[in-house]
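Close look at the chain arrangement
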Amino acid sequence: MPKMIFIANWKMNLGLKETVILIKQLLGGLKKIKNNLEIVICPSFTVLSEASKLLKKGNIKLGSQDVFWEEKGAYTGNISPKMLKEIGCEYVIIGHSERRQYLGETDEMAHQKIKAAIKEGLIPILCVGETFEERQEGQKDYIIIKQVTKALEGISLSRGQKIIIAYEPVWVIGSGQAVKPEEAEYTNQIIKQSLIDLYPRDIVEQNFRIIYGGSVDSSVIKSFVERSVIDGVLVGGASLKTKDFIKMINKIHPVK
Ligand code: 13P
């Protein structure tokens, strides 16, 4: 059984001072985390370096919210996988719906980014999910299969290369109302099937974790991670305050 994972995506919410305070409080409050739960925080690019120094002491890992696919060169404003690795990132969020929505990111870009991240030894967290309109048109499952397949097709994976796929229904993000855990479980099963169509079964079992994100908070978190194909959560708003963050961890640790 894969290790459960809790990923906090702090989006564009915290500056340096606030990030430092939050990390210090989390390190203080989460000393007793055991091996069966992995915790990752994804702060803004500008604070990654400072976060990395602070996290050397504890059991929380570092991820970034995006990456570019080229190694170096004339790409103003972009950050390469090597740069992230250099400052201590282990994870990288790729294809988040907010980047798809506001910056026009496509499945092809997600594909390039995953390839580049893997080459540098980073663990990609690929986000997939349908918009409200796609759902109303009855396209949900098709969209999920397409996003997973286009992002991963043709990328070969070594036995040890980990990848995380996060199902994040776009219309639920930041709404305060998560989907029902059984629906997330059903969709994660669809994601798993898409992976089985791309990779040998043992690679799917060993390399991939499929998680859920979208209005997860301490009142619902347990009901998600108890489900069989939900290996963890990706949390936005509820991970910005120490008390809520620790409350969520306390609810799920250890449940499996
Ligand atoms: P919320 O938890 O605020 O809904 O955000 C989810 C998300 O987008 C995490 O990547």
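Now for a description of the structure that goes with this document.

It is worth spelling out the overall build of the protein chain at this point. Along the backbone of the protein chain there are 11 helices and 8 strands. Here the C-alpha atoms of the protein chain give a radius of gyration of 17 Å, agreeing with the 18 Å that 2.2 N^0.38 yields for 256 residues. Seen along its three principal axes, the alpha-carbon backbone of the protein chain occupies a region of about 45 × 45 × 35 Å. Going through the 256 residues of the protein chain one by one, you find that 53% of them count as buried. The contacts in the protein chain between residues at least 6 apart in sequence include a share of 73% that link residues at least 24 apart. Taken as a whole, the protein chain presents about 12200 Å² of accessible surface, with 52% of it coming from carbon and sulfur. With 36 positive and 30 negative side-chain charges, the protein chain shows a separation of 9 Å between the mean positions of the two kinds.

Let us look at the sheet that holds strand β7 (residues 208–213). Strands sit in the order β1-β2-β3-β4-β5-β6-β7-β8 around a closed barrel of 8 strands; the barrel is parallel. Pairs of neighbouring strands in the sheet enclose a mean axial angle of 25 degrees, with direction left out of account. Bridge analysis of strand β3 (residues 60–64) against strand β4 (residues 91–94) gives 2 bridges, and the strand direction is parallel. If you follow G63 over to β4, its bridge partner there is Y91. Contacts from helix α8 (residues 181–198) reach β5 (123–128), β6 (163–167) and β7 within the one sheet, and its direction differs from that of β7 by about 150 degrees.

Glancing now at the packing of helix α1 (residues 16–29) against helix α11 (residues 242–252). For the pair α1 and α11, interaxial distance at closest approach is 10 Å and the crossing angle is 35 degrees. α1 and α11 meet at a crossing whose hand is right-handed. Across the interface between the two elements, L22, Q25, L26 and G29 from α1 touch T242, F245 and I246 from α11. Looking at side-chain class alone, the contact of α1 with α11 contains 4 nonpolar, 3 polar and no charged residues.

With that settled, consider the environment of I125. Considering the arrangement of structural elements, one finds I125 in strand β5. Since its relative accessible area comes to 0%, I125 is described here as buried. The spacing of I125 and K11 is 114 residues in sequence and 14 Å in space, taken between C-alpha atoms. Those residues in contact with I125 that sit more than four places away from it in its chain are I7, Y91, V92, I93, I94, I164, A166 and L234.

The space that makes up the largest pocket amounts to roughly 470 Å³. Along the walls of the largest pocket sit 20 residues, with F45, Q65, D66, R99 and L103 positioned nearest its centre. Among the elements that make up the lining of the largest pocket, the one with the highest residue count is helix α4 (residues 97–103) (4 residues).

Moving on, we get to the packing of aromatic side chains. Per the stated rule, a full pass over the model turns up 7 aromatic pairs. For the pair F68 and Y75, a centre-to-centre distance of 5.1 Å together with 45 degrees between the ring planes defines the contact as tilted. Ring plane angle 5 degrees and centroid distance 4.4 Å describe the contact between Y212 and F224, whose orientation is recorded as stacked. Of the two residues, Y212 sits in strand β7 while F224 sits in helix α10 (residues 221–225), which places them 12 residues apart along the sequence.

Inspection of the region around the ligand gives N9, K11, H96, E168, I173, G174, G214, S215, L234, V235, G236 and G237 as its neighbouring residues. Take E168: an N or O atom from its side chain is 3.0 Å from an oxygen atom of the ligand. Measuring from an oxygen atom of the ligand, one finds a backbone N or O atom of G236 at 2.9 Å. In the complex, the protein chains occlude 95% of the 310 Å² of accessible area that the ligand would expose alone.

Turning our eyes to something else, we now look at helix α5 (residues 107–119). Between its first and last C-alpha atoms α5 spans 18 Å; for 13 residues at 1.5 Å apiece the expected length is 18 Å, and the two agree. When we look at burial in α5, the residues that qualify are D107, A110, H111, K113, I114, A116, A117 and I118. Structurally, α5 contributes buried residues whose contacts are with α3 (81–86), β4, α4, β5, α7 (140–152) and β6. Immediately downstream of α5, the backbone of G121 shows phi near 85 degrees, a positive value.

The rules we used
Residues numbered from 1 in each chain as written. Predicted model: local features only at pLDDT ≥ 70, side-chain atom pairs only at ≥ 80, totals over all residues. Heavy atoms only, no water. Helix = DSSP H or I, 4+ residues; strand = E, 2+ residues; numbered from the N terminus. Rg over C-alpha atoms; globule rule 2.2 N^0.38 Å. Buried < 20%, exposed > 50% of the residue type's maximum accessible area, 1.4 Å probe, protein only. Contact = heavy atoms within 4.5 Å. Areas by Shrake-Rupley, 256 points an atom, 1.4 Å probe, with all protein chains shown as cover. Lys, Arg positive; Asp, Glu negative; His and termini not counted. Charge placed at Lys NZ, Arg CZ, Asp CG, Glu CD. Pairing = 2+ DSSP bridges. Axes fitted to C-alpha atoms, helices over the stretch in contact; angles between N-to-C directions. Left-handed = near helix turned anticlockwise from the far one by under 90°. Nonpolar A, V, L, I, M, F, W, Y, C, P; charged D, E, K, R; others polar. 1 Å grid on protein atoms, 1.4 Å probe; cavity = no way out; pocket = protein on both sides within 12 Å on 5 of 7 lines; lining within 4 Å. Points joined across faces, edges and corners; volume = space filled by probe spheres on them. Phe/Tyr/Trp six-rings, centres within 6.5 Å; stacked < 30°, edge-to-face > 60°. Near = heavy atom within 4 Å. Polar contact = N/O pair within 3.5 Å; in protein donor to acceptor, adjacent residues only side chain to side chain. Expected span 1.5 Å × (residues − 1).

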